[in-house]
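The lines below spell out each chain.
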Amino acid sequence: MPQPSDAQAAPDELVGPLERGLAVLRVMATGPEVRHRPGDLARTTGLARSTVDRVATTLVRLGVLRAEGRDLLLAPGAAELGNAYLASCGLPELLGPHAVALADALDESVSVAVPDGDGVRFLAQATRRRAMAISFRTGDLLPAERCAPGALFAGRWDAADLERWRARRAKDPLDAGFPSVPPRPAGAPPTPEQVEAEFLDRVREARATGLAVDDQLIEPGLLAVALPVRGPDGTVVCAVSVVSHTSRHSSASLTAQALPPLRRTVTAMEAALAAAPAAGAPASGGPAPVAGPAPAAGAPGGAETAPAPTGPASTPTAPAPVAGAALKEELGSGFLQSLARGLDVLRAFGSVRGPVRLSELARLTGLPRATARRSLITLRHLGYVREESGGFLVLPRVLELGYARLSGLTLPEIATPHLVALVLRVHESASVAVLDGDDIRYVARVAGTRIMHIDITVGTRLPAYATSMGRVLLGALPAAERAARLGRITPESLTPRTLTTREGLDEAVAATAARGYGWVEQELEEGLRSLAVAVTDGAGRTVAAVNVALHAGRATPEESLAALLPPLRETAALISADLAAVDRFSPVTTG
């Protein structure tokens, strides 16, 4: 298939629903607003309102968007599109640890970026925690002329690349199309002619010296020095930058201090690239199953006694996606199957390192070769994949489909929509907490819909030993760490039912770990019953717990367990799946 050009007409085999679906997703991801109404999307994209409605219905059912009333928002599942590129190129996994080590050595922020057209796309970063933080999100795009890596990458441009850059600059002289950087003030210096002359001077200097410096190009006060990282064939694969501020350095002092360790880091990065698996090997860095251990059918003996589930025990896993054919049968013309198939093809790139052949993509997606081929033609036309001699290669432009916005999500932001749905379903309060020392700390909370509900706020700390979420989190610790934690806790009697003996607490935590859920009956407070299960990350590690809390007088323990445990496990699985999608390459903070 011929390679596309900017002026190339749409190919005859273009998949229209896929093109239109990606147009909607791109507007939602790159616009300044987080929430979008279908009517606004129709006006922005130029699509018919009925088309936008069908696209939205499809993307919501696929977990790429979510609906809140009349608003549409990006869902964490959209991060899997960017994950496909990050896994396929392998750069975050191979180079990220070296960036972290350099940041630790210099006590400065470090970033890794790749060329994307006439822009620079960030893939990984190691930041410093300071009052004046310097960071870009994974997936953010910067103009080449306003950052140090841009001068390094532009050294490889040909005449056509330079003309495309000039055309973009003429169309958008204020850089309004780059939401991650401050726009240039209208009418203020430098003029467009000065911008071009200064940039080309920096390109020539970078070509001559092998390094590039950003002296407050992005915004006042920000400094950076960058070096190229080359692959085994000698081509520039990416650039690594050390970033600081004028309150700490001048451009000269930053270069003098950072350059020697930066050169050593580049050498280590190039060695890592040389030792990387060959193209076509399975991509690593993928999420592990989010399931925890299968709970036992009943609670083992011990000081803590919880009711046994009335149904068969099951492992809390994320629900398997419904096949496109089934969704098409369910939703009829409201579901765009060709859009779903195109996204399947895009996600499949994340299973293989480097270029992927058509036959392999068809096998990975279960699609006929002709169907996969039409999706590839469309994705190539839109600039998301490129055809090479070894197959098709997914490109960093895929990260514009929401990855930058989603990579900044916190655990509370990921969990809260699912807590809202759970509370509407069970009519009781629901929360997410993390282990913080010997306590749990609430990081997300949605109050129940009853007149009398549990009144706890985000940030509240409670003793882990007397809470269902605490026992889930303690039970998930490695044996030695669990024993050490429990050994230093001195339980206090908060109610007549509180476990206060070391042996009783040990047994209660072990029972929680064995059956897969925590149950606390009026141990923290008289009349308070709580049920909790684990939330896991992409590697299967327990990072938080989610619970439902209610008044013990509303139902028997057996009735509460039968009514609450299944929806609670489903909620935990959904939160875990979203967390796995977002934190696969971008660590999620607990908030």
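As the structure is a prediction and not an experimental result, all values here were calculated from the model. (Residues numbered from 1 in each chain as written. Predicted model: local features only at pLDDT ≥ 70, side-chain atom pairs only at ≥ 80, totals over all residues. Heavy atoms only, no water.)

Asks: Can you help me understand the pairing of strand S7 (residues 222-230) in this one?
Replies: Across a regular strand the side chains alternate sides, sitting on one face of the sheet and then on the other. The buried fraction of S7 amounts to eight of the nine residues, a majority that puts the element mostly inside the structure. Relative to S7, strand S6 (residues 212-215) runs antiparallel, the two being bridged by four bridges. Looking across to S7, one finds that Ala 212 is bridged to Ala 226. Between the end of S6 and the start of S7, which pair antiparallel, lie six residues, with Gln 216 showing a positive phi angle near 65°. Linking S7 back to strand S8 (residues 236-245) in an antiparallel pair, the connection comprises five residues, with Gly 234 at a positive phi of about 90°. (Buried < 20%, exposed > 50% of the residue type's maximum accessible area, 1.4 Å probe, protein only. Helix = DSSP H or I, 4+ residues; strand = E, 2+ residues; numbered from the N terminus. Pairing = 2+ DSSP bridges.)

Asks: Is there a simple way to explain the pairing of S8 in this structure?
Replies: Counting buried positions along S8 yields nine of 10 residues, so the element is predominantly enclosed. Direction of pairing for strand S3 (residues 109-116) relative to S8: antiparallel, over a ladder of five bridges. Residue pairing for S8: Val 112 is matched across the bridge by Val 240. Pairing analysis gives nine bridges linking S7 to S8, with the strands arranged antiparallel. Each bridged residue has a counterpart across the sheet, and for Val 225 the counterpart in S8 is Val 242.

Asks: What's the story with the sheet that holds S8 in this structure? I'm lost.
Replies: What the six strands build is an open sheet, ordered S5-S4-S3-S8-S7-S6; its pairing is antiparallel. Two strands bound the open sheet, and with one partner strand each, they are strand S5 (141-143) and S6. Taking each pair of neighbouring strands and ignoring which way they run, the sheet shows an average axis angle of 30°. Sheet topology note: the strand S4 (residues 119-126)/S5 ladder contains three bridges and is antiparallel. Each residue of the ladder has a partner; that of Val 120, found in S5, is Leu 142. (Axes fitted to C-alpha atoms, helices over the stretch in contact; angles between N-to-C directions.)

Asks: What should I look at first to understand the sheet that holds strand S12 (residues 439-446) in this one?
Replies: Picture the strands of a sheet paired through backbone hydrogen bonds; they go either parallel or antiparallel. Taken in spatial order, the six strands make up an open sheet running S13-S12-S11-S16-S15-S14, and their pairing is antiparallel. Two strands in the sheet have a free side with no partner beyond their single neighbour: strand S13 (461-463) and strand S14 (518-521). Taking each pair of neighbouring strands and ignoring which way they run, the sheet shows an average axis angle of 30°. Set on the sheet, helix H15 (residues 411-426) makes contact with strand S11 (429-436), S12 and strand S16 (542-551); between it and S12 the angle comes to about 60°. Lying on the sheet, helix H19 (residues 557-582) is in contact with S11, S14, strand S15 (528-536) and S16; it crosses S15 at an angle near 30°. (Contact = heavy atoms within 4.5 Å.)

So, to be careful, I would describe these as geometric facts and stop short of saying anything about function.
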